[in-house]
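Listed below are the residues making up each chain.
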Amino acid sequence: MSGGPESAVSRETVSRETDHQSDQATSSGNGDDGFTAPYNGISVEETPIGAAAHRASQVLHPHSVSLPKPPERRILTIANQKGGVGKTTSAVNLASALAVQGLTVLVIDLDPQGNASTALGVAHHSGVPSSYELLLGEVTAAEAIQKSPHNDRLFCIPATIDLAGAEIELVSMVAREGRLKGALSEKALGEVDADFILIDCPPSLGLLTVNAMVAAKEVLIPIQCEYYALEGVGQLLRNIELVQAHLNPDLHVSTVLLTMYDGRTKLADQVAEEVRTHFGDAVLRAVIPRSVKVSEAPGYGMTVLDYDPGSRGAMSYLDAGRELAARTAHLTKQEQR
Ligand SMILES: Nc1ncnc2c1ncn2[C@@H]1O[C@H](COP(=O)(O)OP(=O)(O)OP(=O)(O)O)[C@@H](O)[C@H]1O
Ligand SMILES: [Mg+2]
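A brief report on the enclosed structure follows. Please read these numbers as outputs of a predicted model, since none were measured by experiment.

1. With respect to the layout of surface pockets
The probe, sized like a water molecule, is rolled over the atoms to show the empty space still left.
Turning to step 1, where the next piece is worked out: There is about 540 Å³ of room inside the largest pocket.
Turning to step 2, where the next piece is worked out: Around the largest pocket sit 34 residues that line it, and Gly86, Thr89, Met260, Val294 and Ser295 are the ones nearest its centre.
Turning to step 3, where the next piece is worked out: Looking at the lining of the largest pocket, the elements that each hand over two or more residues are helix H1 (4-18), helix H3 (87-100), helix H4 (115-119) and helix H12 (292-296).
Turning to step 4, where the next piece is worked out: If one sorts the elements of the lining of the largest pocket by residue count, H3 sits on top with 5 residues.
Turning to step 5, where the next piece is worked out: Partitioning the lining of the largest pocket into residue classes produces 15 nonpolar, 14 polar and 5 charged.
Turning to step 6, where the next piece is worked out: Quantified by volume, the second largest pocket comes out at close to 460 Å³.
Turning to step 7, where the next piece is worked out: Surrounding the second largest pocket, 19 residues form its lining, Glu72, Arg73, Arg74, Ile75 and Glu186 being those nearest its centre.
Turning to step 8, where the next piece is worked out: Elements represented by at least two residues in the lining of the second largest pocket include exactly strand S1 (74-78) and helix H9 (207-215).
Turning to step 9, where the next piece is worked out: Taken together, the residues of the lining of the second largest pocket break down into 7 nonpolar, 2 polar and 10 charged.

2. Considerations on the site of ligand 1
Turning to step 1, where the next piece is worked out: Lining the immediate surroundings of ligand 1 are 18 residues, of which Lys87, Thr88, Thr89, Pro289 and Ser291 lie closest.
Turning to step 2, where the next piece is worked out: Threonine 89 has a polar side-chain atom sitting 2.5 Å from an oxygen atom of ligand 1.
Turning to step 3, where the next piece is worked out: Protein chains shield 80% of the accessible area of ligand 1, which is 630 Å² for the free molecule.
Turning to step 4, where the next piece is worked out: A molecule is said to occupy a pocket when more than half its atoms come within 2 Å of that pocket's grid points, and by this definition ligand 1 occupies the largest pocket.
Turning to step 5, where the next piece is worked out: Contributing elements (two or more residues each) for the shell around ligand 1: H3 and H12.

3. Some remarks on the pattern of salt bridges
Turning to step 1, where the next piece is worked out: If you walk through the whole model with that rule in mind, you get 10 salt bridges.
Turning to step 2, where the next piece is worked out: The residue arginine 264 makes a salt bridge to aspartate 262 at a minimum N-O spacing of 3.2 Å.
Turning to step 3, where the next piece is worked out: Classification of aspartate 262 by relative accessible area gives buried; the value is 7%.
Turning to step 4, where the next piece is worked out: In this structure, lysine 293 engages aspartate 308 in a salt bridge whose closest nitrogen and oxygen atoms are separated by 3.7 Å. Taken together, the residues span a long stretch of sequence, with lysine 293 in helix H12 and aspartate 308 in the loop between helix H13 (304-307) and helix H14 (312-336) at a distance of 15 residues.

4. Examining the side chain of serine 316
Turning to step 1, where the next piece is worked out: Position of serine 316 among the secondary structure elements: in helix H14.
Turning to step 2, where the next piece is worked out: Overall, the relative accessible area of 0% leaves serine 316 in the buried class.

Reading the values: the criteria
- Residues numbered from 1 in each chain as written.
- Chains lettered and ligands numbered in written order.
- Predicted model: local features only at pLDDT ≥ 70, side-chain atom pairs only at ≥ 80, totals over all residues.
- Heavy atoms only, no water.
- 1 Å grid on protein atoms, 1.4 Å probe; cavity = no way out; pocket = protein on both sides within 12 Å on 5 of 7 lines; lining within 4 Å.
- Points joined across faces, edges and corners; volume = space filled by probe spheres on them.
- Helix = DSSP H or I, 4+ residues; strand = E, 2+ residues; numbered from the N terminus.
- Nonpolar A, V, L, I, M, F, W, Y, C, P; charged D, E, K, R; others polar.
- Near = heavy atom within 4 Å.
- Polar contact = N/O pair within 3.5 Å; in protein donor to acceptor, adjacent residues only side chain to side chain.
- Areas by Shrake-Rupley, 256 points an atom, 1.4 Å probe, with all protein chains shown as cover.
- Sits in = over half its atoms within 2 Å of the grid points.
- Salt bridge = Lys/Arg side-chain N within 4 Å of Asp/Glu carboxyl O.
- Buried < 20%, exposed > 50% of the residue type's maximum accessible area, 1.4 Å probe, protein only.

Distances and angles like these do not, on their own, reveal function.
So this is what it looks like as structure tokens:
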């Protein structure tokens, strides 16, 4: 395997140089997802530059586009007990992508690390009403919701370090697996009429993740295009089946997102192919490239869409968000059958 500091440096340099180049290789933008409107007379399906310009304009002029509102609120749990696969990065950037394109989105940070709260620029020091108090029934969702400073339609229930003790405290509680679901009842969000709720899970399959799976209908699994990508996914799927059988019959894996794709490695392609064979249509066509901008953004309390709207990372999350929203009609049809 090529490794070591030298290759890491050259890799970084190439990423920087190519960050604003066409995202053709990593992100579909091919029009199948309903993205067919001409831009200044240019069919965006035909020219990658036209497509990139259109998407950049969406970020810079957010009110110029709007995705269809789902017929009912969609709640997605973002889970993979493998650490560092892009759960948090995908939660905040997909949320931002949906919000930039006109939808109202709430991110629930259910990881004591509080990384989603950091990336969304919301306060999450001890004492701030958070997902911990929400699970304990001490505050309502409306009381814990904060608006992200970068987008009026993007909201977050933060996680504080107090959440670290919750796994143990929940064990002795009544209806311990259903506490988050109970806290998200119809009117609980107050004035925030969220079209999407994305729940960022910790890298474990404990009670916090189970609470997220009981509260949601959909699971979104981010998979890193690296060695051992599918390691642990079998265990995750078995847990989803258990929750489905005993606690939440509606739960299903609706979406798989390939993250940290490096188009220069054969391995990334092999992993992507294997994941598509395994999960079929659930895998979004948009793939998130490995990009320095994506990893830098949280350090500024921003999503990549705010930090560098023209970057490949921002573009691919916009594509992924649009695809996710476009699947609403499809999902509803399936459910009606
Ligand atoms: N597309 C990307 N390009 C470059 N770096 C990325 C990308 N996606 C995520 N990262 C970086 O990889 C690391 C892990 O990502 P992230 O925190 O989203 O994973 P996670 O699954 O939430 O981790 P954990 O299991 O600890 O919660 C972070 O440092 C993040 O900035
Ligand atoms: Mg995380």
